[in-house]
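# Understanding the architecture of this molecule
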Amino acid sequence: MRIHRHALTGAVVVAAAIVALAPSTSATPPSGVTVEQLAQVDVSGFSPFPALPSAYAFRRITIAPGGTLGWHYHDGNVLAVVTAGEVTRYETDCLPTTYSAGQGLSETVGPDHVHVGRNLGTEPAVLYVAYLNRAREPLFVDAPAPDCL
């Protein structure tokens, strides 16, 4: 019993040291963002084509003035429309593209297409977003900011 307890204590100490010494991720978390899930459906059990999108999520995202979605990328297709305010998107080239109310946008898929959405305006920005994924894929994956900012 004593050996088992010492082994467990040693394992905990080693695990804590590994966590403490591991390089910290430089992901950029969102701030000033409110997400409302409008609908979500997974039809993968009915689809004969597992490589095609089979999980669909629909959200209303509000970004407060000065808010950011954080740098991220998507494994599945994303379509959005801005219904209020403005959203400025930066991709890995760090060149801004601003979308105003009434404009739509789509996101390029994959980890080599990291981007961020920011509200640089003075009023809340509202987006309605549709995510088209394969089953069990995350809607987005946090990523570090590129070196150009």
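Residues numbered from 1 in each chain as written. Predicted model: local features only at pLDDT ≥ 70, side-chain atom pairs only at ≥ 80, totals over all residues. Heavy atoms only, no water.

## Let's talk about the overall build of the chain
From N to C terminus, the chain includes one helix and ten strands. Start at the N end of the chain and walk to the C end: the helices and strands fall as α-β-β-β-β-β-β-β-β-β-β. In the chain, which comprises 149 residues, the proportion classed as buried is 30%. In the chain, the share of contacts with a sequence separation of at least 24, taken over all contacts with a separation of at least 6, comes to 76%. (Helix = DSSP H or I, 4+ residues; strand = E, 2+ residues; numbered from the N terminus. Buried < 20%, exposed > 50% of the residue type's maximum accessible area, 1.4 Å probe, protein only. Contact = heavy atoms within 4.5 Å.)

## A closer look at the pattern of salt bridges
Per the counting criterion, the structure on display carries four salt bridges. Here Glu 36 makes a salt bridge to Arg 60, at a shortest N to O gap of 2.4 Å. Here the residue Glu 36 occupies a position in strand 1 (residues 31-42), and Arg 60 occupies one in strand 2 (residues 55-68), the gap between them amounting to 24 residues. By relative accessible area, which is 24% here, Arg 60 ends up partly exposed. Across the pair Glu 91 and Arg 89 runs a salt bridge, and its minimum N-O distance is 3.5 Å. The class for Arg 89 is buried, based on a relative accessible area of 10%. Bridged by salt links that share partners, the residues Arg 89, Glu 91 and Glu 107 form one connected network. (Salt bridge = Lys/Arg side-chain N within 4 Å of Asp/Glu carboxyl O.)

## Considering the nonpolar core
Among the nonpolar cores identified, the biggest contains 14 residues, and Ile 63, Val 82, Val 87, Leu 127, Val 129 and Tyr 131 are the most heavily contacted of them. Broken down by secondary-structure element, the contributors of at least two residues to this core are strand 2, strand 4 (77-84) and strand 9 (125-133). Per-element tally for this core: the top contributor is strand 9, with four residues. Residues within four places of Tyr 131 in sequence aside, it is in contact with Ala 55, Tyr 56, Ala 57, Arg 59, Ile 61, His 74, Asn 77, Val 78 and Leu 139. Core analysis: the second largest hydrophobic core is formed by six residues, Trp 71, Tyr 73, Val 114 and Ala 143 among them. (Core = buried A, V, L, I, M, F, W, Y, C linked by side-chain atoms within 4.5 Å.)

## Re a nonpolar patch on the surface
A cluster of nonpolar residues, Leu 38, Phe 58, Val 81 and Tyr 128, forms a patch on the protein surface that exposes about 310 Å² of accessible area. Structurally, the position occupied by Tyr 128 is in strand 9. With relative accessibility at 32%, the residue Tyr 128 sits in the partly exposed group. (Patch = residues over 30% accessible without salt bridge, like charges linked within 9 Å, V, L, I, M, F, W, Y side chains within 5 Å. Areas by Shrake-Rupley, 256 points an atom, 1.4 Å probe, with all protein chains shown as cover.)

## Looking at the confidence of the model for the chain
Summarising the model, the chain shows a mean pLDDT of 83, and 81% of its residues fall at 70 or more. Low pLDDT, under 50, characterises residues 3-25; the stretch is placed with zero contacts to residues that sit more than four places away or in other chains. (pLDDT = per-residue confidence, 0-100.)

## As for unusual backbone geometry
Within the chain, Cys 94 stands out as a residue other than glycine whose phi angle is a positive 65°. As for its position among the elements, Cys 94 is in the loop between strand 5 (86-91) and strand 6 (96-100). For Cys 94, a relative accessible area of 11% puts it in the buried group. One non-glycine residue, Arg 136, adopts positive backbone phi at about 70°. Structurally, Arg 136 is set in the loop between strand 9 and strand 10 (141-142).

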